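Chains, contacts and geometry: an overview
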Amino acid sequence: MQFIIEETYEDVSRAAADIIAEQIQSKPAAVLGLATGSTPIGTYEELVAKFKRGEVSFEDITTFNLDEYAGLDGDHDQSYRWFMNHHLFDNVDIDKVRTHVPSGNSDDPEKMCEDYEKAIEEAGGVDLQLLGLGHNGHIGFNEPCDEFPVATHYVELTRSTIEANSRLFNSIDEVPTAAYTMGIGTIMKAKKVLLLATGEGKAEIVKKAFKGEVTPQVPASILQSHPDCTIILDKEAASQL
């Protein structure tokens, strides 16, 4: 596990974009695992800027997103499909046929989850997985529980996650209470993992996840055993390490 400590959120975003761009440059047909939420927005902005400067192309890239809210159509402005289109896909030369986000309103959720796993496998697996870190230690929507979930699955969101995400909705009552997410096993199969965390509010969980015991009660702690995991933090998020 490698730590990179930067001064600011903007520095974290640039450092992450540099690592992702290096992955694409070394393997133009790479498979990227992507994350949503406020943390990676700056990284996507940096990648779009790199594309516009001609430094990187997404033409042959395949992507798989970590998760999607249950019950939201991809056209909903709080869905993660919409988020990815708005912040990255619509602004680069990627073929959207090769961009994958779990379906939030599938008629057969169990089969959708199975098919998502198969699609990742058929693509050759994820070369680089981008992650954020929830205040309760979740990665994707893998919430604290009694065991590490293996594959893509349906999950009921904790109250703390719903409250954290309510800032993006008109009211907390509008926040979906469930989601579909890659499992911990799926995430751990990625050849390289890149996790970002910023702000003083993440300092305690950063310490617990990466300096504490490995436990499914802190899902991100499993990354301590990943063979190629880079964690980029600003000084505030790293303040308790």
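Check the entry above for the structure.
Brief notes about the pattern of salt bridges
All chains considered together, the criterion is met by 12 salt bridges. Notably, a salt bridge pairs Glu7 with Lys235, separated by 3.0 Å at the nearest N-O pair. In this pair, Glu7 sits in the loop between β1 (2–6) and α1 (9–26) while Lys235 sits in the segment after β10 (229–234), placing the two residues 228 residues apart along the sequence. The exposure class assigned to Lys235 is partly exposed, which follows from its relative accessible area of 48%. Taking the shortest distance from any N to any O, the salt bridge between Lys192 and Asp228 comes out at 3.3 Å. Here Lys192 is found in strand β9 (residues 192–197), whereas its partner Asp228 is found in the loop between α7 (203–211) and β10, with 36 residues between them in sequence. We classify Lys192 as buried; its relative accessible area is 17%. Of the residues examined, Asp228 reaches a relative accessible area of 31% and is grouped as partly exposed. One salt-bridge network, held together by shared partners, links Asp18, Lys50, Arg53 and Glu55.

Some details on the sheet that holds strand β7 (residues 153–156)
Here 3 strands make up an open sheet; going across it, the order is β4-β8-β7 and the pairing antiparallel. Two strands bound the open sheet, and with one partner strand each, they are β4 (67–69) and β7. Averaged over all neighbouring strand pairs, the angle between strand axes comes to 25 degrees, with direction disregarded. Across 3 bridges, the pairing between β4 and strand β8 (residues 178–181) is antiparallel. Looking at β8, one finds that Glu68 is bridged to Tyr180.

A look at α7
Listed in full, the buried residues belonging to α7 are Ala203, Ile205, Val206, Ala209 and Phe210. End-on, the buried residues of α7 take up no more than an arc of 160 degrees, which puts them together on one face. When the buried face of α7 is taken as reference, the exposed residues oriented beyond 90 degrees from it are Glu204 and Lys211. Contacts from the buried residues of α7 go to β1, β9 and β10.

Focus: the packing of α1 against helix α2 (residues 41–52)
Packing of α1 against α2 brings their axes to within 8 Å, and their N-to-C directions diverge by 55 degrees. Looking at the two axes, α1 sits oblique to α2. In the crossing of α1 with α2, the sense of the turn from one axis to the other is right-handed. Here Tyr9, Ser13, Arg14, Ala16, Ala17, Asp18, Ile20 and Ala21 of α1 lie close against α2, whose contacting residues are Ile41, Gly42, Thr43, Glu46, Leu47 and Lys50. Taken together, the residues of the contact of α1 with α2 break down into 7 nonpolar, 3 polar and 4 charged.

A word on the packing of α2 against helix α3 (residues 80–87)
Viewed as axis vectors pointing N to C, α2 and α3 meet at an angle of 40 degrees, and their least axial separation amounts to 10 Å. With respect to α3, the element α2 is oriented oblique. Residue-level contacts link Ile41, Tyr44 and Val48 of α2 to Phe83, Met84 and His87 of α3. When its residues are assigned to classes, the contact of α2 with α3 shows 5 nonpolar, 1 polar and no charged.

Observations concerning the packing of aromatic side chains
Evaluation of the coordinates by the stated rule reveals 8 aromatic pairs. Residues Phe3 and Phe210 carry aromatic rings whose centres are separated by 6.3 Å and whose planes lie at 70 degrees to one another, so their mutual orientation is edge-to-face. Residue Phe3 is found in strand β1, and its partner Phe210 is found in helix α7; the two are separated by 207 residues along the sequence. Their ring planes at 85 degrees and their centres at 5.7 Å tell us that Phe64 and Tyr116 sit as a pair that is edge-to-face. Here Tyr116 lies in helix α4 (residues 109–122) and Phe64 lies in strand β3 (residues 62–65), a separation of 52 residues in the sequence.

Topic: the nonpolar core
In terms of nonpolar packing, the biggest core is built from 67 residues, with Phe58, Leu88, Ile139, Leu194, Leu195, Phe210 and Leu223 touching the most fellow members. The dominant element in this core, judged by the number of residues it contributes, is α1, at 7 residues. When sequence neighbours within four positions are dropped, the list of residues in contact with Ile139 reads Leu131, Gly132, Ile184, Ile187, Leu195, Pro219, Ala220, Ile222 and Leu223. Ala70, Met112, Cys113 and Ala178 belong to the second largest nonpolar core, which has 5 residues in total.

Reading the values: rules and limits
Residues numbered from 1 in each chain as written. Predicted model: local features only at pLDDT ≥ 70, side-chain atom pairs only at ≥ 80, totals over all residues. Heavy atoms only, no water. Salt bridge = Lys/Arg side-chain N within 4 Å of Asp/Glu carboxyl O. Helix = DSSP H or I, 4+ residues; strand = E, 2+ residues; numbered from the N terminus. Buried < 20%, exposed > 50% of the residue type's maximum accessible area, 1.4 Å probe, protein only. Pairing = 2+ DSSP bridges. Axes fitted to C-alpha atoms, helices over the stretch in contact; angles between N-to-C directions. Arc of directions from axis to C-beta. Contact = heavy atoms within 4.5 Å. Parallel < 35°, antiparallel > 145°, perpendicular 65-115°, else oblique. Left-handed = near helix turned anticlockwise from the far one by under 90°. Nonpolar A, V, L, I, M, F, W, Y, C, P; charged D, E, K, R; others polar. Phe/Tyr/Trp six-rings, centres within 6.5 Å; stacked < 30°, edge-to-face > 60°. Core = buried A, V, L, I, M, F, W, Y, C linked by side-chain atoms within 4.5 Å.

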